[in-house]
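What follows is the residue order along each chain.
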Amino acid sequence: MVPRQLTTSVLALVAALLTACGGSNTSDPHELEQWYMNGTQGESHINLRRDDLTGQGVVVAVVDDGVERSHEDLVHATGRGHVTYLPLEIGFDEAPHGTAVAGIIAAARGNGLGGRGIAPAASIVSLNPVRAPAISNYADALARGLDAVDVSQNSWGDFNAWGEPFPLHPAISEALSVGTRLGRRGKGIVYVFAAGNGASFSPTSAQVVDNVNYSGLVNNRWTVPVCAVNDRGKRSWYSEKGATLAVCAPSSDHDRPGIFTTDSTGTQGYNTGAEADDVEAPSYTKKFGGTSAAAPQVSGVVALMLEVNPQLSWRDVKAILISTAERNDATHQDWRANGAGFWINHDYGYGLLHADRALSAAAAWDTLGPEVQIAGSVSPAMQVPDDDSQGIASVIDIEDNVTIEFVDVIVDLPDHPKLGDLEIVLQSPNGTRSVLAEPHSQLFSVFRLRNYRFGSLRTFGEQSRGRWQLIVRDLRPGAAGTLQQWGLVIHGHRGRVPAVNNQSPSTIKAKAGRGSSSGLLPVPY
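Quick caveat, the model's predicted, so the values are computed rather than measured.

A. How the structure looks around the sheet that holds strand β7 (residues 223-229). Spatial strand order, β2-β3-β1-β4-β6-β7-β8: seven strands in an open sheet with parallel pairing. Among the strands making up the open sheet, the edge pair consists of β2 (82-83) and β8 (247-250). Bridge count between strand β1 (residues 59-63) and strand β3 (residues 123-127): five bridges; the pairing is parallel. Bridge pairing in β3 links Ala 61 to Val 125.

Here's what the structure looks like:
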């Protein structure tokens, strides 16, 4: 093993040589270890090429366990204030998780320390409900500073690896609704959330556990759920799959590199100084990971987008992110083109965050029209046969037509005792299939689908008119139930369809499939 001191010295020498030769103009000694920004050694990355944007004037709320406000690489960004939900005598700054998240977003650039943030001139407002985890605290943190906060960064969520459906708490739902309706003087706060780390029990386990659709925090239209890929562009073993994923960003994986960022000053954070494979300076670490590390990369890019175009609404931002994402892991068998021509994948959403494309689109973006909703429901009262691969299907015909942004699917199957036995699929009029639930492991098998709201982002850009179908199959023996009722709430707008940018021209005709181009209690992660 190469000594850590030697590795650090070599990286510093390379950085100096690059600067002398007209390359990366930086005095941040660890910038070359931030492979997730530009792929310093060919890694999968977010294509952050522009140096003229810094996030100046944009405020990001880091909702977490706090932030070390006096950290040498963050102190410039933390002057806008903080909110604590703890007694004042308990230290706010003892917060390694939030400090690491904040560093990815806004660590200083060119100060001779650590690395740089994606939006190094953005302002950080820090809130610590994760250390006082009451629903009221989370709701308050999400709706604080409606006219001050632009982006709300959230690397926390429901319990990992339970495999149980957690509906969105009414207080959290109200906070997200208020924030998107009234925040930023009506343009809406952009809520970025880590998708979750509960996909499986371990890197070697084949068991499927959690899915983003089992968490109300990331299966709703208001949030931007972010999944994780490793340096090779493949899904990290823990990253949850699902029909509401927006985009992915790089992070850690088993035996793969992690993310460089700020850490608690001293040895009380992730870098204790005892591990030879971490950086020498204990106020930083290169081993941060999980979807916790992926989400703040999106928040940082969103800050740059809002610097480019402050008039973007929260819906515009989400539309830009998914319409400009890059199709990573291109041979993955789940890639399909939806009815509007966008590539979609249950593992990756719309693909890997592509910063340069997003920034270019933001500069020229025409704001989406007013949001409209279309609803429909049926009461089939159909028995779901036990251990039967054919299952049942029920349909809803929608007559009105809008360009789809998001679909809520409310399922009432209250007497089936084992969600983990079920596969539930929504099929759009264009033939796009959204897997809402799949056979998986459950910790308790006591939660029920009583008017449970699933979600799908996979029909983005499609037209709503036509026959929608819900297919329910019980694929394991031992339990049965009745689909009493189900319904749709389709959220969208009338008018134009966003342009398809998340594919290369050479792949459009070959892979279009059935798609048509005619329209377009919570814990830290």
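B. Geometry of the packing of aromatic side chains. A complete count under the given rule lists 12 aromatic pairs for this structure. Judged by centre distance (6.0 Å) and plane angle (20°), the ring pair of Trp 335 and Tyr 348 falls under stacked. Here the residue Trp 335 occupies a position in the loop between α7 (314-323) and β11 (336-337), and Tyr 348 occupies one in the loop between β12 (343-344) and α8 (355-363), the gap between them amounting to 13 residues. Trp 335 gets classed as buried once you look at its relative accessible area, which sits at 5%. Its relative accessible area of 1% is what places Tyr 348 among the buried residues. An aromatic cluster is defined as three or more aromatic residues linked by ring pairs; in this entry it consists of Tyr 138, Trp 156 and Phe 193. It is Arg 327 that lies over the ring of Trp 343; its NZ or CZ is 4.2 Å from the centre.

C. Just empty space enclosed by the protein, in detail. Each pocket or cavity is described by its volume, and for the largest cavity that value is around 110 Å³. Along the walls of the largest cavity sit 13 residues, with Arg 315, Lys 318, Glu 405, Leu 457 and Phe 460 positioned nearest its centre. When residues of the lining of the largest cavity are traced back to their parent elements, those giving at least two are α7 and β16 (403-413). Counting residues per element, the lining of the largest cavity draws most heavily on α7, at five residues.

D. Representation of the pairing of strand β20 (residues 466-474) within the structure. In this structure, strand β15 (residues 388-398) lies alongside β20, joined through eight bridges in antiparallel fashion. Counterpart to Ala 393 in the pairing with β20 is Ile 471. Note that strand β17 (residues 422-427) and β20 share six bridges and pair antiparallel. Following the sheet pairing, Leu 426 is matched in β20 by Leu 470.

E. Local environment of the pattern of salt bridges. The final tally for this structure, using the stated rule, is 19 salt bridges. The shortest N-O distance in the salt bridge between Arg 69 and Asp 93 comes to 2.8 Å. Taken together, the positions of Arg 69 in the loop between β1 and β2 and Asp 93 in the loop between β2 and α3 (96-106) put the pair 24 residues apart, joining distant regions of the chain. Classification of Arg 69 by relative accessible area gives partly exposed; the value is 25%. With a shortest N-O distance of 3.4 Å, Arg 235 and Asp 347 are connected by a salt bridge. On the criterion of sequence distance, the pair formed by Arg 235 in the loop between β7 and β8 and Asp 347 in the loop between β12 and α8 is long-range, its members being 112 residues apart. By relative accessible area, which is 9% here, Asp 347 ends up buried.

F. Quick look at the side chain of Ser 126. With respect to the helices, strands and loops of the structure, Ser 126 is situated in strand β3. Not counting the four nearest positions on each side in its chain, Ser 126 is found in contact with Val 62, Val 67, Arg 69, Gly 81, His 82, Val 83 and Phe 92.

G. Representation of unusual backbone geometry. Of note, the phi angle at Asn 47 is positive, near 55°, even though the residue is not glycine. If you trace the backbone, Asn 47 turns up in the loop between α2 (35-38) and β1. The backbone of Ala 381 sits at a positive phi, close to 45°, despite the residue not being glycine. Topologically, Ala 381 is positioned in the loop between β13 (372-378) and β14 (382-384). Owing to a relative accessible area of 48%, Ala 381 belongs among the partly exposed residues under this scheme.

What counts and how
- Residues numbered from 1 in each chain as written.
- Predicted model: local features only at pLDDT ≥ 70, side-chain atom pairs only at ≥ 80, totals over all residues.
- Heavy atoms only, no water.
- Pairing = 2+ DSSP bridges.
- Helix = DSSP H or I, 4+ residues; strand = E, 2+ residues; numbered from the N terminus.
- Phe/Tyr/Trp six-rings, centres within 6.5 Å; stacked < 30°, edge-to-face > 60°.
- Buried < 20%, exposed > 50% of the residue type's maximum accessible area, 1.4 Å probe, protein only.
- Lys NZ or Arg CZ within 6 Å of the ring centre and 35° of its normal.
- 1 Å grid on protein atoms, 1.4 Å probe; cavity = no way out; pocket = protein on both sides within 12 Å on 5 of 7 lines; lining within 4 Å.
- Points joined across faces, edges and corners; volume = space filled by probe spheres on them.
- Salt bridge = Lys/Arg side-chain N within 4 Å of Asp/Glu carboxyl O.
- Contact = heavy atoms within 4.5 Å.

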